[in-house]
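Tertiary structure, described
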Amino acid sequence: MNIDIFMEKLGQCYKQWDSPVITLIAKRKSDPFLILVSTIISLRTKDEVTIKASQRLYEKIKTPHDAVQSGHEAIAKMIYPAGFYPTKAKRIVEISRILLEKYDGKVPSDMNDLLALPGVGRKTANLVLIEAFGKAAICVDTHVHRISNRTGYVKTDSPDATEMALRKKLPLKYWKMYNEILVAFGQKLCRPVSPWCSKCPVSEMCRKKGVIKSR
DNA sequence: AAAACGGGGGC
DNA sequence: GCCCCAGTTTT
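Cut-offs and rules
Residues numbered from 1 in each chain as written. Chains lettered and ligands numbered in written order. Predicted model: local features only at pLDDT ≥ 70, side-chain atom pairs only at ≥ 80, totals over all residues. Heavy atoms only, no water. Axes fitted to C-alpha atoms, helices over the stretch in contact; angles between N-to-C directions. Helix = DSSP H or I, 4+ residues; strand = E, 2+ residues; numbered from the N terminus. Left-handed = near helix turned anticlockwise from the far one by under 90°. Contact = heavy atoms within 4.5 Å. Nonpolar A, V, L, I, M, F, W, Y, C, P; charged D, E, K, R; others polar. Expected span 1.5 Å × (residues − 1). Buried < 20%, exposed > 50% of the residue type's maximum accessible area, 1.4 Å probe, protein only. Domains from an automatic or database assignment. Buried area = accessible area lost by both parts, 1.4 Å probe. 1 Å grid on protein atoms, 1.4 Å probe; cavity = no way out; pocket = protein on both sides within 12 Å on 5 of 7 lines; lining within 4 Å. Points joined across faces, edges and corners; volume = space filled by probe spheres on them. Phe/Tyr/Trp six-rings, centres within 6.5 Å; stacked < 30°, edge-to-face > 60°. Lys NZ or Arg CZ within 6 Å of the ring centre and 35° of its normal. Near = heavy atom within 4 Å. Polar contact = N/O pair within 3.5 Å; in protein donor to acceptor, adjacent residues only side chain to side chain.

Details of the packing of helix 10 (residues 142–150) against helix 11 (residues 159–169)
Contact geometry of helix 10 with helix 11 gives a least axis separation of 9 Å together with a crossing angle of 60 degrees. Classified by chirality, the crossing of helix 11 by helix 10 is left-handed. Taking contact as the criterion, the partners of V144, H145, S148 and N149 in helix 10 are, on helix 11, P159, T162 and L166. Here the residues of the contact of helix 10 with helix 11 are counted per class, giving three nonpolar, four polar and no charged.

Brief notes about helix 12 (residues 175–188)
For helix 12, which comprises 14 residues, the first-to-last C-alpha distance of 21 Å matches the rise-based estimate of 20 Å (1.5 Å per residue) to within 8%. Within helix 12, ten of the 14 residues are buried, which leaves the element mostly enclosed by the surrounding structure. If you check which residues of helix 12 are buried, you get W175, Y178, N179, E180, I181, L182, V183, A184, F185 and G186.

As for the domain arrangement of chain A
Accessible area lost on assembly of the parts is the figure often given for the size of an interface. Split into domains, chain A comes out as domain 1 (3–18 + 138–205) and domain 2 (31–133). The gap between the C-alpha centroids of domain 1 and domain 2 is 26 Å. If you look at the interface, domain 1 gives twelve residues, while domain 2 gives eight residues. Contact with domain 2 buries area across many residues of domain 1, yet C139, E163 and K176 alone supply 41% of it, more than any other trio.

Focus on empty space enclosed by the protein
For the structure shown, the criterion picks out one cavity of 30 Å³ or more. In this structure, the largest cavity spans a volume of roughly 150 Å³. As for the largest cavity, its lining consists of 16 residues, of which F185, C190, C200, S203 and C206 are closest to the centre. The residue inventory of the lining of the largest cavity, partitioned by class, reads twelve nonpolar, two polar and two charged.

As for the packing of aromatic side chains
In the structure shown here, the tally under the stated rule is one aromatic pair. Consider the rings of Y80 and Y85, whose centres lie 5.0 Å apart with planes at 85 degrees: the pair is edge-to-face. Y80 sits in the partly exposed class, given a relative accessible area of 47%. Under the relative-accessibility criterion, Y85 is labelled partly exposed at 30%. Between K169 and the ring centre of Y153, over which it is positioned, the NZ or CZ distance is 4.6 Å. In this arrangement the basic side chain of K199 is found over the ring face of W196, its NZ or CZ atom lying 4.6 Å from the centre.

Brief notes about the protein's contact with DNA strand B
Residues in contact with DNA strand B, as listed here, are R44, T45, K46, Y80, P81, G83, F84, Y85, P86 and T87. Among the atoms of DNA strand B close to the protein, meaning within 4 Å, 45% are from sugar or phosphate groups. Within the backbone of G83, a nitrogen or oxygen atom sits 3.2 Å from a base nitrogen of DNA strand B. T87 is positioned such that a nitrogen or oxygen atom in its side chain is 2.5 Å from a phosphate oxygen of DNA strand B. When grouped by side-chain class, the residues that make up the surface near DNA strand B number five nonpolar, three polar and two charged.

Side note on the packing of helix 1 (residues 3–17) against helix 12
Contact pair helix 1 / helix 12: the axes reach a minimum separation of 9 Å and the direction vectors enclose 65 degrees. Between helix 1 and helix 12 the crossing geometry is left-handed. In contact with I3, F6, M7, L10, G11, Y14 and W17 of helix 1, helix 12 contributes M177, Y178, E180, I181, L182, A184, F185 and K188. The residue inventory of the contact of helix 1 with helix 12, partitioned by class, reads twelve nonpolar, one polar and two charged.

Here it is as structure tokens:
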């Protein structure tokens, strides 16, 4: 698979796939704390729910100090019915406390510092590095993992392995856009089951074409 | 390696 | 009704 042609073709379709959560995050580009919080809320949660939950939270919570003062029970109510909302609420408060204690109330821009925060894994940390700090990073969620393997661009058995493979193989100029485009692509067409292969702009490059049930 | 965490939406 | 979903932590 030629990655340049792949990115070119997907990029042309990107506008119509525009992901609401990425748009939401983009609007908060100037505020790493709100980006981090909305990313936490988005985990294993549908876009529409994430957006409403984030907007309710943003009305009251704008800083780590707000979050600590508000407490996890109040935050849980604000972000309901986002998935795992009680756990996420506790982690938002706990993270806020750590930010105040160790980082002067600011979100760190270092990968290892981010990973040390409770509830922050590689996916979240990479997305924050990209969206909040404009750093070159590769964020692999299940969409990116699935599609990278369907195209045969990498052959891995876990999102973390996919990230490491992409770090070696993917040209640096694509690092920031790869996640956004593939997530949108994964939601609209290249879904886990019944991918919409008849509408896919890159189906001729797909090693799974004809192997998985499509429409 | 597998379960647990929570609820909405697709089929 | 059953299964899946923009993960991470715990057992």
